[in-house]
Amino acid sequence: VTGVTACASLVWRARRIGAEPSVDDWAGLCGPDVPRAAGLTHPAAMTRFVVTRALLRATIVQLRPELARTTIAFDVAPSGRLEVVDHPELAVSSSHTGTFAVAAVAADGPVGIDVEPLDRGELPRPEAWLTPQELAGVTTLDAHTPHETDLHRLMLLHLWVAKEAVLKAWPGPGTTGRRRIRISCPEAPCADVETARPAAGPPGRGAGRRDDRDATHGPTGASWCGDGEAVVAPAAASAVTSPSGPGADGPTLDLGVDWFVIDAHLVALAHRHAPARA
Amino acid sequence: VNTEDLRDLIIEVLSDIAPETDPSDVDPTEDLRDELDLDSMDELNMITKVGERLGIDVPEKDYPQMRTLEGAVAYLSGRLAAHAG
């Protein structure tokens, strides 16, 4: 697909894995993943590990169909970043919550993905992870919608998954902090989730790129499989992160962030800004 | 506040965050995220709630020091001692 920058494979419920003839055969763990999986003591952790690895392989094959799924191996770099053995050009990311897991891969730059259920309980105190600009945005929204506590919570949830996705995409040594990541137009996505229909957005912010998106494939190359209804949230944002903080001197990473709602789960995908489609 | 109080406080907070688990049974040297199947939001909730209860702000750069029960107790003890001094 021309213009693909990232490909996300979004999951089905983990319980379905039990229907498979053999989890091991299906997942095809190989390379360093085998001892890593063997070292996991919690059954839930093992299931998630197998599921996310299988998802990553499936997603990589979507983006690079010439690769054989069973030969794709992963390793963890000293920085903690997951890498595809023999394919340093591929960036991968995965996330899970409860019985959901998501995975993403990109061939042209960093990628990060995060998922949370829409009914996720108490979020951390905003001052601990929002920038002053984001806090001001939340305060403004609260002032206009003083009784919309769910809107307030949804807004925070959008910011949370976006920041987590950006953190995972951060390619530099070590990690940057959540308060060093600035998500633009944070007031937009909450209303978009409620309406869940395409809407025009400011140029370069992503929303305008969604006009020709359909239910399974969009301009960013996102796709998913599973038994949940997928709704493309018509909002996107930019994220700027820097070890020194937004606006400070030093290297920065400018990413696009897209949100998706799938079967009552909110997914954020951080990726390099998409080039114009041919 | 002694180390035993700090340990009890952390376990109490973790019990609220992950009620399906038994934080009192964790290996104090192991990563709490693995021991209790915590995700990043659980981890930050734990750090902020413990900090609020103790009246200290834990900066992001210090979060890795709170990854194990033993490490969290040591870190908080140091912070409280510095605060008192």
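Just above sits the structure.
Criteria and cut-off values
- Residues numbered from 1 in each chain as written.
- Chains lettered and ligands numbered in written order.
- Predicted model: local features only at pLDDT ≥ 70, side-chain atom pairs only at ≥ 80, totals over all residues.
- Heavy atoms only, no water.
- Helix = DSSP H or I, 4+ residues; strand = E, 2+ residues; numbered from the N terminus.
- Contact = heavy atoms within 4.5 Å.
- 1 Å grid on protein atoms, 1.4 Å probe; cavity = no way out; pocket = protein on both sides within 12 Å on 5 of 7 lines; lining within 4 Å.
- Points joined across faces, edges and corners; volume = space filled by probe spheres on them.
- Nonpolar A, V, L, I, M, F, W, Y, C, P; charged D, E, K, R; others polar.
- Buried area = accessible area lost by both parts, 1.4 Å probe.
- Salt bridge = Lys/Arg side-chain N within 4 Å of Asp/Glu carboxyl O.
- Polar contact = N/O pair within 3.5 Å; in protein donor to acceptor, adjacent residues only side chain to side chain.
- Buried < 20%, exposed > 50% of the residue type's maximum accessible area, 1.4 Å probe, protein only.

A word on the environment of B:L44. Within the element layout of this structure, B:L44 appears in helix 3 (residues 40-54). Taking C-alpha positions, B:L44 is 11 Å from B:R33, a pair spaced eleven residues apart along the chain. Residue contacts for B:L44: discarding those within four places in its chain leaves A:P124, A:W129, A:W160, A:R178 and B:Y63.

All names here are of chain A. Taken as a whole, the second largest pocket holds about 240 Å³ of empty space. Surrounding the second largest pocket, 16 residues form its lining, R81, E83, P88, L90 and A91 being those nearest its centre. Counting only elements with at least two residues in the lining of the second largest pocket, the list comes to strand 3 (82-84) and strand 4 (91-97). With three residues, strand 3 is the single largest residue contributor to the lining of the second largest pocket. Of the residues in the lining of the second largest pocket, the class split is ten nonpolar, three polar and three charged.

This brings us to the interface of chain A and chain B. Of the residues lining the interface, 17 residues belong to chain A; the matching set on chain B comes to 15 residues. Both sides of the chain A and chain B interface together cover about 1400 Å² of buried area, and 41% of this is carbon and sulfur. Connecting chain A to chain B are four salt bridges. In this structure, B:D42 and A:R120 form a salt bridge, with 2.8 Å as the shortest nitrogen-oxygen distance. Scanning the region where chain A abuts chain B turns up eight residue pairs in polar contact (both at pLDDT 80 or more). Breaking the side of chain A that touches chain B down by element, the ones donating at least two residues are helix 3 (43-63) and helix 5 (149-169) of chain A. When residues in the side of chain A that touches chain B are grouped by element, the largest group, three residues, is from helix 5 of chain A.

Moving on to the pattern of salt bridges. Counted under the stated rule, the structure contains 19 salt bridges over all chains. Across the pair A:E134 and A:K163 runs a salt bridge whose closest N-O atoms are separated by 2.6 Å. With A:E134 in helix 4 (residues 132-144) and A:K163 in helix 5, this pair connects stretches of sequence that are 29 residues apart. Judged on exposure class, the residue A:E134 and its partner A:K163 are both buried. Between B:R33 and B:D31 there is a salt bridge, with its nearest N and O atoms 2.7 Å apart. For B:D31, a relative accessible area of 17% translates into the label buried. One network of salt bridges, with partners in common, ties together A:D33, A:R36, A:R53, A:R57 and A:D75.

Geometric values such as these leave the question of function open.
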